[in-house]
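Here are the chains, one letter per residue:
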Amino acid sequence: MPALTFTERLRLEPIEPRHADDLHTVLTDPAVAEWYGEWTREASAAEAARIAGGWRRDGVHKWMAYERASGECVGRGGLSRATVDGRERLEVGWALRGRFHGRGYATEIGRAGCDLAFGELGAREVVSFTEVGNLRSRAVMERLGFAYTKDILVGGEPFALYVLDT
Ligand SMILES: CC(C)(COP(=O)(O)OP(=O)(O)OC[C@H]1O[C@@H](n2cnc3c(N)ncnc32)[C@H](O)[C@@H]1OP(=O)(O)O)[C@@H](O)C(=O)NCCC(=O)NCCS
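First things first, this report covers the structure right here in the doc. Each chain carries its own residue numbering, running from 1 in the written order of its sequence. Local features in this predicted model are restricted to residues whose pLDDT is 70 or higher, and side-chain atom pairs enter the listing and the counts only when it is 80 or higher, whereas totals over whole chains, interfaces and linings include all residues. Side-chain descriptors were evaluated using all non-hydrogen atoms of the structure, hydrogens and water having been removed beforehand.

For helix α4 (residues 105-118), built from 14 residues, the straight-helix expectation of 20 Å at 1.5 Å per residue is met to within 8% by its first-to-last C-alpha distance of 20 Å. Along α4, eleven of the 14 residues are buried, which leaves the element largely enclosed by surrounding structure. Any residue under 20% of the maximum accessible area for its type is buried, any over 50% is exposed, and the rest in between are partly exposed; the area is computed with a 1.4 Å probe on protein chains only. Under the DSSP-based scheme used, a helix requires at least four consecutive residues in state H or I and a strand at least two consecutive residues in state E, with every element numbered from the N terminus. Three or more residues of α4 are buried, namely Tyr105, Ala106, Thr107, Glu108, Ile109, Gly110, Ala112, Gly113, Cys114, Leu116 and Ala117. A helix is expected to span 1.5 Å for every residue after the first.

This is how it looks when you write it as structure tokens:
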């Protein structure tokens, strides 16, 4: 069973099938749906199962993030293995419910993902990518020290690829 991770303000739980309802709450939040599209309950449950499978297969995947002070679910994010720009890489990402924007929580999740990558996993680089127009996500990457590398096509759409090296 993968470990819980605690940051200053968040409890990060490896996503399992039991997180399906909380994941659905995040994915159907209007601020998230703007970028991630529409999710049925069944699709969110399948996504939770897919991520749980990633934890079993790769030993790492996305977390659900809970505010330590209130216990509320704030979003999901973290590190996963993905083929990006033709190579298997460690990718970090984040998605927060709208009312938790503007508090640095995405940056806190991203930092925890990078610490895991460069610490325990001994990685030499972490990548992150987002739609070119997703300026809030790009700002998180820049706050974490990622450097813009180039635009890539994901599903035929242009995404901005950022890299953080050791
Ligand atoms: C992308 C997303 C996670 C960014 O959220 P965010 O709240 O802007 O980012 P952070 O949580 O890092 O918060 C940063 C903001 O909090 C402020 N902040 C307050 N306390 C802070 C702290 N302790 N540390 C860092 N920033 C802090 C920063 O100044 C910044 O404010 P600003 O937006 O006015 O410049 C959010 O917009 C989102 O969930 N979007 C929908 C899903 C999505 O697009 N995900 C990415 C797909 S690739």
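Residue position: Gly98 is located in the loop between β5 (87-96) and α4. Residues Gly98 and Val60 lie 38 residues apart in sequence; the distance between their C-alpha atoms is 26 Å. Whether two residues touch is decided by their heavy atoms; if any such pair falls within 4.5 Å, the residues are in contact. Beyond its immediate chain neighbours, meaning those up to four positions away, Gly98 contacts Asp29 and Ala31.

By salt bridge we mean one thing: a side-chain nitrogen of Lys or Arg within 4 Å of a carboxyl oxygen of Asp or Glu. All chains considered together, the criterion is met by 13 salt bridges. Here Glu125 makes a salt bridge to Arg87, at a shortest N to O gap of 3.9 Å. Note that Glu125 is positioned in strand β6 (residues 125-131) and Arg87 in strand β5, a separation of 38 residues in sequence. Judged by relative accessible area, Glu125 falls into the buried class, the value being 19%. Its relative accessible area of 45% is what places Arg87 among the partly exposed residues. Across the salt bridge formed by Arg89 and Glu125, the nearest N and O atoms sit 2.9 Å from each other. Taken together, the residues span a long stretch of sequence, with Arg89 in strand β5 and Glu125 in strand β6 at a distance of 36 residues. The exposure classification of Arg89 matches that of Glu125, with both residues buried. In the salt-bridge network here, residues are joined through shared partners; they are Arg11, Glu13, Glu16 and Arg18.

Successive side chains on a regular strand alternate, one facing one side of the sheet and the next facing the other. By the criterion of burial, β5 is predominantly enclosed, with eight of the ten residues buried. Relative to β5, strand β4 (residues 73-84) runs antiparallel, the two being bridged by ten bridges. By the bridge assignment, Gly78 is partnered in β5 with Gly93. When DSSP finds two or more bridges between a pair of strands, those strands are recorded as paired. Hairpin connection from β4 to β5: two residues lie between these consecutive antiparallel strands, with Asp85 at a positive phi of about 55°.

We now examine the site of the ligand. Neighbouring the ligand are 22 residues, the closest being Leu96, Gly102, Ala106, Thr107 and Asn134. Identification of polar contacts relies on pairs of N or O atoms within 3.5 Å, with a donor-acceptor requirement for protein atoms, meaning one able to donate a hydrogen and the other able to accept it, and with residues adjacent in sequence counted only if both atoms are side-chain atoms. Contacts to the ligand include Arg143, whose side-chain N or O atom sits 3.1 Å from an oxygen atom. For the ligand, whose unbound accessible area comes to 950 Å², protein coverage reaches 70%. Broken down by secondary-structure element, the contributors of at least two residues to the shell around the ligand are α2 (30-36), β5, α4, β6 and α5 (135-143). Per-class residue counts for the shell around the ligand are eleven nonpolar, seven polar and four charged. Here a residue counts as near a molecule or strand whenever at least one of its heavy atoms sits within 4 Å of it. In this description, accessible areas are obtained by the Shrake-Rupley approach with a 1.4 Å probe, and a residue is regarded as covered only by the protein chains that are shown. Gly counts as polar in this scheme, as do all residues outside two lists: the nonpolar Ala, Val, Leu, Ile, Met, Phe, Trp, Tyr, Cys and Pro, and the charged Asp, Glu, Lys and Arg.

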